[in-house]
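As a plain string of letters, each chain reads:
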Amino acid sequence: YMYQLMTNEKNLTVISMKEKIILFTKPLKSLVDYSDHLIHIIREPIKLESKKDGLIDIHGGALKYQNRDLLIVGDKCSGKTTLLMSFLQEGAKYVSNDSIRVKCAGEHFVVKNWPHFLRLGENMVNSNTRICNYVHEKHIRIASDNKYLLSEADLKEIYGTDSLREINLDAIIIPKILLVIKI
């Protein structure tokens, strides 16, 4: 099958898993845009292959806190990353943010890390002294959407704890629920 990753008036990226090729035409305007897109070119075929292993992709965050393996899920801008950062501040171990792989394994669910930058807005960075000092001292890269990009290595340096690759799900947290009932 073919998978179209990105297209606009100047760019087109198509991945063919069957042919094992990636077609990429007309690079973006700047090297920063190109490198952001290159990450997707590498990551998306791996995502597709992981689905063959029974893993599903979930938009959320995952962590271990006080021996509990937690998954944070919710809509965009519902506070998932903010809550994850609060847990990290209290000594939690980071698993993943923004994109998580989950698989049913007998009586439990396995939650797997997915390499992805932790994307933090300016308000989040400025509200956390440790992170604010770190991003300014280390000149952390800012993405095209003006979010700071922190890696797992950055989190380790900030909080002094290793990330986990896999956890067994104990609980799901939904930070904000908007419930609309039509009568």
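Preceding block: the structure.
Residues numbered from 1 in each chain as written. Predicted model: local features only at pLDDT ≥ 70, side-chain atom pairs only at ≥ 80, totals over all residues. Heavy atoms only, no water.

Visitor: Is there a simple way to explain the overall build of the protein in this structure?
Guide: Scanning the protein for helices and strands turns up 5 helices and 13 strands. Burial statistics for the protein: of 183 residues in total, 38% are counted as buried. Nonlocal contacts in the protein, meaning residues at least 24 apart in sequence, comprise 58% of its contacts between residues at least 6 apart. Summed over its atoms, the accessible surface of the protein is roughly 11400 Å², and 55% of this surface lies on carbon and sulfur atoms. (Helix = DSSP H or I, 4+ residues; strand = E, 2+ residues; numbered from the N terminus. Buried < 20%, exposed > 50% of the residue type's maximum accessible area, 1.4 Å probe, protein only. Contact = heavy atoms within 4.5 Å. Areas by Shrake-Rupley, 256 points an atom, 1.4 Å probe, with all protein chains shown as cover.)

Visitor: So what exactly am I meant to see when it comes to the packing of aromatic side chains here?
Guide: Any pair of aromatic rings gets described here by the distance separating the centres and the angle formed by the planes. Using the criterion set out here, one finds 1 aromatic pair in the structure. Both rings, one in Tyr65 and one in Phe87, keep their centres 5.0 Å apart while their planes meet at 65 degrees; by these two values the pair is edge-to-face. Taken together, the residues span a long stretch of sequence, with Tyr65 in strand β5 (residues 60-65) and Phe87 in helix α2 (residues 80-89) at a distance of 22 residues. Looking at Phe87, the relative accessible area reads 16%, which means it is buried. Between Arg101 and the ring centre of Trp114, over which it is positioned, the NZ or CZ distance is 4.0 Å. (Phe/Tyr/Trp six-rings, centres within 6.5 Å; stacked < 30°, edge-to-face > 60°. Lys NZ or Arg CZ within 6 Å of the ring centre and 35° of its normal.)

Treat this as a map of the structure, not an account of what it does.
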